[in-house]
Amino acid sequence: MNRRAFLGWGAAGFVALCSGVAVSLAAVVRYLVPSVFYEPPQSFKIGDPADFPFGPPTFLPDEKIFVFRDREKGFAVASAVCTHLGCTVAYFQSDQRFHCPCHGSVFGPNGTVQHGPAPRALNWFEITQARDGQLLVDKDKVVPPSYRLMV
Amino acid sequence: MNLIREIWQSIVRRDPLSTDKGKSELVFLNVWLHIHPAKVKKENLRFKYTFYLGFITFFLFVILLTTGIALMCYYRPFPPQAYQDMKDLEFVVYMGPFLRAMHRWAAHGMVVCVFLHMCRVFYTASYKKPRQFNWVVGVLLLLLTLGLSFTGYLLPWDQLAYWAITVGTNIGSYAPIIGGQVREILLGGHTVGEAALLRFYVLHVAILPSALILLTIVHFWRIRKDGGLSRPTWKLKPNQPEALVTIGAPAQVEPLRTVAASKDKTYGLMEVVTGKPIFETIEADEEEDAVFSYPYAFFREAIALMVTVTGIMAISLFFHAPLEQLANPAKTPNPAKAPWYFLGLQELVSHSALLGGVVAPALMVLALLAIPYFDRNPSRRPTDRKWAIWLFTIFVVVNLVLIVIGTFFRGPGWAFVPPWVHVVAGAE
Ligand code: HEM
Ligand code: FES
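Residue numbers run consecutively from 1 along every chain, following the written order of its sequence. The lettering of chains begins at A and the numbering of ligands begins at 1, in the order of writing. Where local features are concerned, this predicted model is filtered to residues with pLDDT of at least 70; where side-chain atom pairs are given and counted, the filter is 80 or more; whole-chain, interface and lining totals use all residues. Note that the side-chain values use all heavy atoms of the structure and ignore hydrogens as well as water.

(A) Fine view of the coordination of the iron atom of ligand 1. All names here are of chain B. Each metal site is built from N, O and S donor atoms within 2.8 Å (3.2 Å for Na, K and Ca), and since water is not included, such sites may look incomplete. Here the iron atom of ligand 1 is held by His117 (NE2) and His219 (NE2), and the distances to it run 2.0 to 2.1 Å. The rule is simple: four donors are tetrahedral if all their angles sit between 85 and 135 degrees, four are square planar and six octahedral if opposite donors span more than 155 degrees and the others lie between 65 and 115, and anything that fits none of that is irregular. Note that the iron atom of ligand 1 binds 6 donor atoms; their angles at the metal cover 86 to 179°, and the shape is octahedral. Highlighted residues: histidine 117 in helix 7 (residues 96–123) and histidine 219 in helix 11 (residues 194–225), separated in sequence by 102 residues. With a relative accessible area of 18%, histidine 117 lands in the buried category. Helix and strand assignments come from DSSP, with helices taken as H or I runs of at least 4 residues and strands as E runs of at least 2, each series counted from the N terminus. Using a 1.4 Å probe on the protein chains alone, a residue whose accessible area is under 20% of its type maximum counts as buried, one over 50% counts as exposed, and one in between counts as partly exposed.

(B) Region of the structure containing the pairing of strand 10 (residues 135–143) of chain A. All names here are of chain A. What makes two strands pair is DSSP finding at least two bridges between them. Taken together, the 4 bridges between strand 1 (residues 43–47) and strand 10 define a ladder with antiparallel strand orientation. If you follow glycine 47 over to strand 10, its bridge partner there is leucine 135. The sheet contact formed by strand 9 (residues 124–129) and strand 10 spans 6 bridges and is antiparallel. Bridging from a neighbouring strand, phenylalanine 125 pairs with valine 142 of strand 10. The hairpin formed by strand 9 and strand 10 contains 5 residues between the paired strands, and glycine 133 there has a positive phi angle of roughly 90°.

(C) Just the pairing of strand 3 (residues 65–70) of chain A, in detail. All names here are of chain A. Most of strand 3 is tucked away, with 5 of its 6 residues classed as buried. Pairing of strand 2 (residues 55–60) with strand 3 involves 4 bridges; the strand directions are antiparallel. The residue of strand 3 that forms the bridge with glycine 55 is arginine 69. A loop of 4 residues connects strand 2 with strand 3, the two strands running antiparallel in sequence, and lysine 64 in this loop sits at a positive phi of about 55°. One ladder, built from 6 bridges, connects strand 3 with strand 4 (residues 74–79); its direction is antiparallel.

(D) Structural context of the packing of helix 7 of chain B against helix 15 (residues 386–408) of chain B. All names here are of chain B. Their axes nearest at 11 Å, the elements helix 7 and helix 15 cross at an angle of 165°. Our classification of the angle between helix 7 and helix 15 gives roughly antiparallel. The chirality of how helix 7 crosses helix 15 is left-handed. Where helix 7 abuts helix 15, its residues Phe115, Met118, Cys119, Phe122 and Tyr123 lie against Ala388, Ile389, Phe392, Thr393, Phe395 and Val396. Polar here means any residue outside two lists: the nonpolar Ala, Val, Leu, Ile, Met, Phe, Trp, Tyr, Cys and Pro, and the charged Asp, Glu, Lys and Arg; Gly therefore counts as polar. Across the contact of helix 7 with helix 15, the residue classes tally to 10 nonpolar, 1 polar and no charged. To obtain an axis, a line is fitted to C-alpha atoms, over the contacting stretch when the element is a helix, and the angle between two such axes runs from 0 to 180 degrees between their N-to-C directions. Just so you know how the angles are binned, under 35 degrees is roughly parallel, over 145 roughly antiparallel, 65 to 115 roughly perpendicular, and the rest oblique. Put simply, a crossing is left-handed when the front helix is turned counterclockwise from the back one by less than a right angle, and right-handed when it is turned clockwise. Whether two residues are in contact is decided by their heavy atoms: any pair within 4.5 Å suffices.

Below you can see the structure in the form of C-alpha cells.
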C-alpha cells in the first residue's frame, strides 16, 4: 500500500469512526426520550353540564383545571398550572383572582399576570359538548379567555 | 504461633513499623494506602491549613454510600409504594429512622463541607499552578454533590419532594432551545410522575455516585501528582542557594530548560527515565520538615473519620429526617420551597426565571471553573491577592444571604415574612 492509499484509507476510517460515535450518541439520547407516555390523556370528559354550579369555579384536582360556569356566558376552562414554574394556583373568590403559592404570582380574572414573576397569562382550554351530552375538555387546544361554551 | 506470624507476613510483607523502612513499606506496599506519600510535610498536617474539610467531605460520602445501600433494601422507586416504604422505614424497619436520618444529615453535611472545602482551597490559593486542573475537577465534584442531593430529594415521594422537584425541573426548562427537551428526558414525561421517580432513582443510586467515585479518584491522584498539598510557600525559609533543575533531559543530551527548583514536591518519571522529573522537585535540605505518613497523617485522618461518623450518628439520634404527607399533585403547599441549598436560586427565580434560574447559575459555574486560568497572579500570599479575596468573599456572602432570605424570610406566597413574625399556616 502506498502512502497516498494509506492516508486515504486512514482518513476514511477516521471519518467512519467519528460518525459511528456520533450516531451512537444520538441513539443514546433518542433512547432516553420516551416513545410512549403513560400519562393521562390531554382530552377528557369531565361530566354533565348539570354537575357544575354557577358562581365560583369548580376545581378538578387530577386534571388541574378550573371549570367556570356563568348564567349568561356559559362554560370556560382555565388551567391551574402556574406559567412560572408549574405550581398549582388557587382561585380566591374574595378578589376573583388566581394566586400562586410558590413565588407569589397573581393572575387576574381572565388569567393575565397582575403581579409576580409569571411570564405569561394562564392558559384557557377548549371545552365542547360531546355527543353523549358530557363536557369535553382538550388541553392541547389553547383558546382565548373570551372563549365560551353555551349549553 | 510461627504459622500465624507467617500468614500475617504473607499479607503485609513489610518490615516492622518500628523501622523507617517498615513505615515506608506500610504505605507503598498497600494498595489502599499508597495514594499517600510515604512522608508528608508538617504544614500540611496542620489543622488550621485544611480543616480536614476534604477528608470530612469524603468520609461523609462513605457514610452516604453505606447507609444508602442499606436503605435500598427497603425502597421501591415507584409511586405510591415509595412513600409507603418511607413510612415503613420510619415505623417498622429495625433502626430504619436512624439510617434515614444518617443518610439525610450526611447529605446536608456533604453539601456544606464541599462548599467550605472549596472556600479553604480558594483562600489558601491552592488552585494556582500546578493545581489548576484539580480545582476544575473539584468544581465538577461540587456539581455532582448538588446533583446527588437534588435527585435524592424526590425519592421519599412526599409533598416536599414532589413540589421541590416540580419547581426545580421547571427552572431548567427556561434554558433556551434545549430546556424543554432536557426536562422531558430527565423526567421521562411532561410532569413529575412515575417515570420521573424511576429516572431520578437511577441517577441517584447508579449514575451520579459512579461519576462521583471516578472523579474523586482523579481528584486524589492529582493531589499526589501535583506534588502533595500546597503550602504557604512564602513562610518557608528561603532555599539557599537557588537550586537549578533541568527539565525533560535524558542523561547526556542538552536539557530542554533549566529552572529554579521549587519548594513544592512533585513526582515525575524518576525511575523510568534518567534525568530530572518533569515539574518540580524537592531539595534534600527540605527533608527535615517532612514526617512519615505513618503514624502522623494516618492518625489525624482516622480522627477526622471518627469525628465525622460519631458526629453524624449523634445528630441522627436526636433529629429525625422529615417526612411530609404523600405527594399530591393537586395541592401545592404554601410556600413551596426547594431544598435549602437551592433556595438562593429560588429567591433569584422569584424575580426572573430566565435570569435567575438559568443565566445567573450558569455564569456562576463558568466563573468558578475559570478562576485558576483567569487569576494570573502567581503569589499565594494573602496580602498579594486582596482583589481575589474580596471578589470571592462577595460571591460567598451573596450566596449565603440569598439562601438565608429564601429559607427564613419567605412565607406563604413567597411574601417577605421575617422569621419572628408568626404566620398561621394555610391562612389565605
Ligand atoms: C466530593 C467532593 C470533594 C472531595 C471528596 C474532596 C476531597 C479532597 C481531599 C481529601 C483533599 C485533601 C486536602 C483537604 O482535606 O483539604 C482535597 C484537596 C483539594 N481539593 Fe478537594 N474535594 C472535593 C471537592 C472539591 C471542590 C469543590 C474543589 C474546588 C472547586 C476542590 C479542590 C481541591 C484542590 C485544588 C485541592 C488541593 C488543595 C491543596 O493542594 O492544598 N475539591 N480534596
Ligand atoms: S410557580 Fe407560580 S409563581 Fe413560581
